[in-house]
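In case you want the letters, here they are:
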Amino acid sequence: RPFHVEPTNIVSVNDDTQRVTDEASAMNKRIHYYSRLTSPADRALIAPDHVLPAPDEIYVYSPLGTAFKVDSCTDGYGKNSSIVTIFMIWNTMMGTSILSIPWGIKQAGFTSGIILILLMGILTLYCCYRVVKSRKMIPLVDTSNWEFPDVCKYYFGSFGQWSSLLFSMVSLVGAMVVYWVLMSNFLFNTGKFIYNFVHDINVTDIVPGTNGSNKVICPSAASGHPPQNKSVMFSSGNSTGFELFEEWWDKSQTVPFYLIAVLLPLLNLKSPSFFAKFNVLGTVSVVYLVFLVTVKAARLGIHLEYDWFTENDFFVPELRILFPQLTGVLTLAFFIHNCVITLLQNNRNQENNVRDLSIAYLLVGLTYLYVGVVIFASFPSPPLSKECIEQNFLDNFPSDDIMSFVARIFLLFQMITVYPLLGYLARVQLLRQFFGNPYPSIFHVLILNVAIVGAGVAMARFYPNIGGIIRYSGATCGLAFVFVYPSLIYLISLHRAGQLTWPALIIHIFIILLGVANLIAQFLL
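Okay, so let's go over this structure. (Residues numbered from 1 in each chain as written. Predicted model: local features only at pLDDT ≥ 70, side-chain atom pairs only at ≥ 80, totals over all residues. Heavy atoms only, no water.)

### Observations regarding the packing of helix 5 (residues 110–134) against helix 15 (residues 466–496)
- As a packed pair, helix 5 and helix 15 sit with axes 9 Å apart at the nearest point and diverge in direction by 45°. As summarised for this structure, helix 5 and helix 15 are arranged oblique, according to the angle between their axes. Considering only the axes of helix 5 and helix 15, their crossing is left-handed. The segment helix 5 lies against helix 15, with Met-120, Leu-123, Thr-124, Tyr-126, Cys-127, Arg-130, Val-131 and Ser-134 engaging Phe-481, Val-482, Phe-483, Pro-486, Ile-489 and Tyr-490.
- Residues belonging to the contact of helix 5 with helix 15 are distributed by class as follows: eleven nonpolar, two polar and one charged. (Axes fitted to C-alpha atoms, helices over the stretch in contact; angles between N-to-C directions. Helix = DSSP H or I, 4+ residues; strand = E, 2+ residues; numbered from the N terminus. Parallel < 35°, antiparallel > 145°, perpendicular 65-115°, else oblique. Left-handed = near helix turned anticlockwise from the far one by under 90°. Contact = heavy atoms within 4.5 Å. Nonpolar A, V, L, I, M, F, W, Y, C, P; charged D, E, K, R; others polar.)

### Observations concerning helix 9 (residues 280–300)
- In a regular helix each residue adds 1.5 Å, so 21 residues correspond to 30 Å; helix 9 covers 31 Å between its end C-alpha atoms and thus fits that length.
- Looking at the residues trailing helix 9, positive phi occurs at Gly-301, about 85°. (Expected span 1.5 Å × (residues − 1).)

### What about empty space enclosed by the protein?
- Per the stated rule, a full pass over the model turns up three cavities of 30 Å³ or more.
- Looking at the largest cavity, its volume works out to about 60 Å³.
- Lys-296, Leu-300, Ile-375, Ser-378, Phe-379, Pro-380, Phe-393, Asn-396 and Phe-397 together form the lining of the largest cavity.
- Counting residues per element, the ones that place at least two in the lining of the largest cavity are helix 9 and helix 12 (353–378).
- Along the lines of polarity and charge, the residues of the lining of the largest cavity split into six nonpolar, two polar and one charged.
- In terms of lining residues, the second largest cavity is bounded by Val-132, Arg-135, Lys-136, Ile-341, Leu-344, Gln-345, Gln-350 and Asn-353.
- Here the lining of the second largest cavity gets three residues from one element, more than from any other, and that element is helix 11 (residues 340–345). (1 Å grid on protein atoms, 1.4 Å probe; cavity = no way out; pocket = protein on both sides within 12 Å on 5 of 7 lines; lining within 4 Å. Points joined across faces, edges and corners; volume = space filled by probe spheres on them.)

Set out below in structure tokens:
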């Protein structure tokens, strides 16, 4: 819809008329794109008056509608410097997948895990580059405000429109399910820590673990199932009260349902823009996780043994047949393809887009490598087996571990603030497509939110395996947005231009087949 603001109200007028025009155009493009995500009555993703840039204030809008104030990294033209662009891409990609990377390396084997992270980073970067170029290969059409789903619609018609919606919903709902499982986990461990501290109760989990102050546990060693909350009290206290607490504070039986009282009302809000202000907690959480991993590794030391094919009681082979489980996780870990055009279109120097995107991917890959390799290498084997590394590596630290407690608090609060935003985006994409309005009525919104919350509760109750959920959803949405659509669009554009060659055709068909094999393998292993 039109935005009734004159260019002189958006930027300062100076002697350089062209500068005013360019800056106003850049800001109007950002405003126009986010206006398309909402109905006229909903201003959740609309830039409010108080964040319109003053002469010395530039705001960068992330895909979730967050405004980041940049004072020194812009050139005054409403464009972002390369460092801001790189940070935005890194911050957008870093997510819950980082918690499962050590587990993925364990499933693939240490050496093959490192190689796969590097190869998947390169492959997804190339496909991301194809996404960025796809819009520019459309002739005689104004694509300045298009995102990749718009490109899919142009090339594949209604099938591209609806299939991109489907795969986008898979990524959003998959993320929300993972969030619910993790929030249940973090809330359970946080509540357990607080209860034991307040009542001066010392307990130990009935699971194998190391001794000493830097304790590491193996929750799934006994049963092969995700960790539960069984424990034994060692010091004085009200044993009846403790048993009652354990009965009503269960990780899978009760805690997932307690979250409904907090999060379901928040999902039904028309505008969740208030929660967007807390997105910076995502960066803080990642930085703290890197710090936690470094400290834990320094205290535990390195425990590695190299054997390519033989598995023993404490170590895993360097190459395992379960390696597709890591590629499924990495597909989502490196996934940014459905919003990368928006993140790059405001880069000050468009000729640096490939370089800046490559640097961002390098930083993301190095972050994943550092956390995954350090946790795997420092995991104390012996006495514990590397097979004990959990799908959420924080589960390998007991609930009374102070550093892990702080990490869970950070992540819990961050996820509670991000969850309504993800629900809002799912609502906008789905209900607007069917009803032309992202909030047709409280009845429609409530049904959608109950279904999404129900999926999260069911998974937290019966399948609380975040590694499994991430790899399934990652391989599914990645099949379309990472492997198939970018390759097909590139081949079609080359064919129409009369520039299609056999090497290009073979390479991109191979990429498509890799995506198909990646998805199929998730259900076979």
